[in-house]
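# Understanding the architecture of this molecule
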Amino acid sequence: MQILTSAAGVCETSAWDSDEPVPRTELLRQVQGAAGILCLLSDKIDAEVLDAAGPNLKVISTLSVGFDHLALDEIKKRGIRVGYTPDVLTDATAELTVALLLATARRLPEGVEEAKNGGWSTWKPLWLCGYGLSGSTVGIIGLGRIGLAIAHRLMPFGVKRLLYTGRSSKPHATEVNGEYVPMDTLLAESDFIVLSCSLTPETQGLCDKAFFSKMKNTAVFVNTSRGAVVNQEDLYEALKSGQIAAAGLDVTTPEPLPTNHPLFTLKNCVVLPHIGSATYSTRGIMSSLAARNLLAGLQGADMPSELKL
Ligand code: GLV
Ligand code: GLV
């Protein structure tokens, strides 16, 4: 722990001075008496942490748009405010989603391996063939800010139909000619299925055996939201048996995914280490927003991005 000088004259801060997650015991010790906590999505802020902090705690600021790592019921009960970082990471995350979708559908990691390791013997008509976006139907589960930004980027590839589902239809869907359809329709008709919903009790384990069994055998599944929306055993079976064509995952359970995990044995599964928002500029802007949320919360002022509890 490093004690830093006062931030903008508002507070004294101590910071975990490493890219590795702060050990739980250290977190529990250091939050004692804190008025604010700036955390990452890998820090679980639950009743134990809130109790350790004590009654001084006024604000939690997370360096993420997702907030499933925060025990919101407990936080609300204690009258603590929450800041997060929506909007500023929408473009970077949508971009990464498109990159992952194309990499998975066109089998880029396999191609790179083959080129490097001598598998490239000659040009072969059906070798490393995949699936293209042109003329396709794309289904987006969760057409929020990020889902919409993904749709905007996919349409210019010649996507024919854009389907979406979620809790409710979205007026902004007209920007991308999005058709609000029941989940079963989306699953049956989409060539690409992109998961862009938040992790909630309703979406936990949403993508299970029944879900994958309703998809086309030629469909590609992409998840850049949260790993726990997917039942990974069922996904593994669906990929292994050819029930679905391929999957691209930027998020898994757990994170990191152990290197001996069965998903890593499948050529039709592309796993990234949760890098959706990882551009230099986006992470810089997220950091400054998280700091401003924290300071505003400490001062009882309006936060630039407060999560409504
Ligand atoms: C990334 O997953 C985030 O929630 O910001
Ligand atoms: C929420 O995850 C969003 O779409 O910004």
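Rules behind the numbers
- Residues numbered from 1 in each chain as written.
- Chains lettered and ligands numbered in written order.
- Predicted model: local features only at pLDDT ≥ 70, side-chain atom pairs only at ≥ 80, totals over all residues.
- UniProt positions renumbered as here; feature names shortened; annotations may be inferred.
- Helix = DSSP H or I, 4+ residues; strand = E, 2+ residues; numbered from the N terminus.
- Domains from an automatic or database assignment.
- Contact = placed C-beta atoms within 7 Å.
- Nonpolar A, V, L, I, M, F, W, Y, C, P; charged D, E, K, R; others polar.
- Core = buried A, V, L, I, M, F, W, Y, C linked by C-beta atoms within 7 Å.
- Buried ≥ 20, exposed ≤ 12 C-beta atoms within 10 Å, placed from the backbone.
- Pairing = 2+ DSSP bridges.
- Axes fitted to C-alpha atoms, helices over the stretch in contact; angles between N-to-C directions.
- Near = placed C-beta within 6 Å.

### Points about the UniProt feature "domain: D-isomer specific 2-hydroxyacid dehydrogenase catalytic" (unreviewed entry) in the protein chain
Annotation from UniProt places "domain: D-isomer specific 2-hydroxyacid dehydrogenase catalytic" (unreviewed entry) at residues 12-307. For residues 12-307, helix accounts for 32% and strand for 15%, while the C-alpha atoms at its two ends are 24 Å apart.

### Considering the domain arrangement of the protein chain
One can read the domain layout of the protein chain as domain 1 (2-87 + 279-298) and domain 2 (90-271). For domain 1 versus domain 2, the distance between C-alpha centres works out to 32 Å. The interface of domain 1 with domain 2 comprises 6 residues on the first partner and 6 residues on the second. Looking at the side of domain 1 that touches domain 2 residue by residue, the class counts come to 1 nonpolar, 3 polar and 2 charged.

### Overview of the nonpolar core
Judged by nonpolar contacts, the single largest core of 84 residues is most densely connected at I60, F192, V194, V220 and I244. Counting residues per element, this core draws most heavily on helix α4 (residues 90-105), at 8 residues. Both domains that furnish three or more residues to this core are identified here as domain 1 (2-87 + 279-298) and domain 2 (90-271). Every residue in contact with V220, bar those within four places of it in the chain, is listed here: L101, T104, A105, Y131, F192, A245 and A246.

### Points about unusual backbone geometry
Along the chain, T253 connects to P254 via a cis peptide bond; the corresponding omega equals -10°. A cis amide bond, omega -5°, links E255 with the succeeding residue P256. Along the chain, P256 turns up in the loop between β11 (246-249) and β12 (269-271). Notably, H274 is not glycine yet its phi reads approximately 50°, a positive angle. Mapped onto the elements of the fold, H274 is located in the loop between β12 and α10 (280-298).

### Notes on the UniProt feature "domain: D-isomer specific 2-hydroxyacid dehydrogenase NAD-binding" (unreviewed entry) in the protein chain
The feature "domain: D-isomer specific 2-hydroxyacid dehydrogenase NAD-binding" (unreviewed entry), as given by UniProt, occupies residues 98-276 in the numbering adopted here. From the first C-alpha to the last, residues 98-276 spans 10 Å; its make-up is 27% helix and 16% strand.

### Details of the sheet that holds β12
The 7 strands are arranged β8-β7-β6-β9-β10-β11-β12 in an open sheet whose pairing can be described as parallel. With partners counted over all chains shown, the strands left at the sheet margins are β8 (178-180) and β12, one partner each. With direction set aside, neighbouring strand axes in the sheet form an average angle of 20°. Pairing of strand β6 (residues 137-141) with strand β9 (residues 192-195), which is carried by 4 bridges, proceeds in the parallel orientation.

### As for the site of ligand 2
Every residue close to ligand 2 is listed here: V65, P86, T90, G144, R145, I146, G147 and S198. Sorting elements by how many residues they give to the shell around ligand 2 places helix α6 (residues 145-154) first, with 3 residues. Broken down by class, the residue content of the shell around ligand 2 amounts to 3 nonpolar, 4 polar and 1 charged.

### A few points about the site of ligand 1
Lining the immediate surroundings of ligand 1 are L41, S64, V65, G66, L89, G276 and S277. Residue composition of the shell around ligand 1, grouped by class: 3 nonpolar, 4 polar and no charged.

### Considering the environment of D91
You can see D91 is positioned in helix α4. Sequence-wise, D91 and D17 are 74 residues apart; in three dimensions their C-alpha atoms are separated by 28 Å.

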